[in-house]
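Architecture at a glance
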Amino acid sequence: QVQLVESGGGLVQPGGSLRLSCAASGSIFSLYVMGWYRQAPGKQRELVATITNGGSTVSVHSVKGRFTISRDNAKNTVYLQMNSLKPEDTAIYYCNAHYSGLKDYIYWGQGTQVTVSS
């Protein structure tokens, strides 16, 4: 079992920056594809970015050039650096861990609130 704990959310002005962290425990971190998802009020949860165990990243178009996902396997931590934040980035951000093999394993953190407002 993998336990994920997000941190780093908060209130920030438009154009500001935040760095989210997700600390993983309970399994071998390097085996998992890690991701960040977000869910705004009244909307479905959506993918923000993912990073493979090899360091390859994917992000949705709406955050390209602004958000960067990274991971530190030595610290069992994945990060989401968010720059040039916009009000539409306001959401609860969730950390995700996914292992694909003979059987899929997926875990979610409890989320951290990001609010972008002036």
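Description of the structure in this document.

What counts as what
- Residues numbered from 1 in each chain as written.
- Predicted model: local features only at pLDDT ≥ 70, side-chain atom pairs only at ≥ 80, totals over all residues.
- Heavy atoms only, no water.
- Helix = DSSP H or I, 4+ residues; strand = E, 2+ residues; numbered from the N terminus.
- Rg over C-alpha atoms; globule rule 2.2 N^0.38 Å.
- Buried < 20%, exposed > 50% of the residue type's maximum accessible area, 1.4 Å probe, protein only.
- Contact = heavy atoms within 4.5 Å.
- Areas by Shrake-Rupley, 256 points an atom, 1.4 Å probe, with all protein chains shown as cover.
- Lys, Arg positive; Asp, Glu negative; His and termini not counted.
- Charge placed at Lys NZ, Arg CZ, Asp CG, Glu CD.
- Pairing = 2+ DSSP bridges.
- Axes fitted to C-alpha atoms, helices over the stretch in contact; angles between N-to-C directions.
- Salt bridge = Lys/Arg side-chain N within 4 Å of Asp/Glu carboxyl O.
- Phe/Tyr/Trp six-rings, centres within 6.5 Å; stacked < 30°, edge-to-face > 60°.
- Disulfide = S-S within 2.5 Å.

Points about the overall build of the chain
- Within the chain, the secondary structure is distributed over zero helices and eleven strands.
- Listing each helix as α and each strand as β along the chain from the N terminus yields β-β-β-β-β-β-β-β-β-β-β.
- Scaling as 2.2 N^0.38, a compact globule of 118 residues should have a C-alpha radius of gyration of about 13 Å, and the chain matches this with 14 Å.
- For the C-alpha atoms alone, the extent of the chain along its principal axes is close to 45 × 25 × 25 Å.
- For the chain, with 118 residues in total, the buried portion stands at 39%.
- Intrachain contacts of the chain at a sequence separation of at least 6 include 55% that bridge at least 24 residues.
- For the chain, the exposed area adds up to about 6500 Å²; of that, 49% sits on carbon and sulfur atoms.
- Taking the average location of the 10 positive side-chain charges in the chain and that of its 6 negative ones, the two points are 2 Å from each other.

Concerning the sheet that holds strand 8 (residues 77-82)
- The antiparallel open sheet is built from four strands, whose spatial order is 1-3-8-7. In the strand order of this sheet, the two ends are held by strand 1 (3-7) and strand 7 (67-72), each with one partner. For this sheet the average axis-to-axis angle between neighbouring strands, irrespective of direction, equals 15°.

Looking at the pattern of salt bridges
- Evaluated as defined, the whole model comprises three salt bridges.
- Across the salt bridge formed by Arg 38 and Glu 46, the nearest N and O atoms sit 2.8 Å from each other.
- The class for Glu 46 is partly exposed, based on a relative accessible area of 36%.
- Here Arg 66 ties to Asp 89 by a salt bridge, and the two come within 2.7 Å at their closest N and O atoms. With a gap of 23 residues between them, Arg 66 in the loop between strand 6 (57-59) and strand 7 and Asp 89 in the loop between strand 8 and strand 9 (91-99) connect regions that are remote in the sequence. Neither Arg 66 nor Asp 89 differs from the other in exposure class; each is buried.
- Where salt bridges share partners, they join Arg 38, Glu 46, Arg 66 and Asp 89 into one cluster.

Quick word on the packing of aromatic side chains
- Scanning the entire structure with this criterion turns up four aromatic pairs.
- Here Tyr 37 and Trp 108 contribute two aromatic rings whose centre-to-centre distance is 4.9 Å and whose plane-to-plane angle is 70°, an arrangement assigned as edge-to-face. Of this pair, Tyr 37 sits in strand 4 (residues 33-39) while Trp 108 sits in strand 10 (residues 105-108), and the two are 71 residues apart along the sequence.
- Look at Tyr 99 and Tyr 105: their rings are 6.2 Å apart centre to centre, the planes differ by 40°, and that puts the pair in the tilted class.
- For Tyr 105, a relative accessible area of 34% puts it in the partly exposed group.
- Among the aromatic side chains, those forming a connected cluster through ring pairs are Tyr 32, Tyr 99, Tyr 105 and Tyr 107.

Some details on the state of the cysteines
- The tally for this structure, following the rule as stated, stands at one disulfide.
- The disulfide that involves Cys 22 links it to Cys 95, with 2.0 Å between the sulfurs. Here the disulfide of Cys 22 and Cys 95 is left-handed, its torsion about the S-S bond being about -85°. Taken as a pair, Cys 22 in strand 3 (residues 18-25) and Cys 95 in strand 9 lie far apart in primary sequence, 73 residues in all.
- The class of Cys 22 is buried, set by a relative accessible area of 0%.

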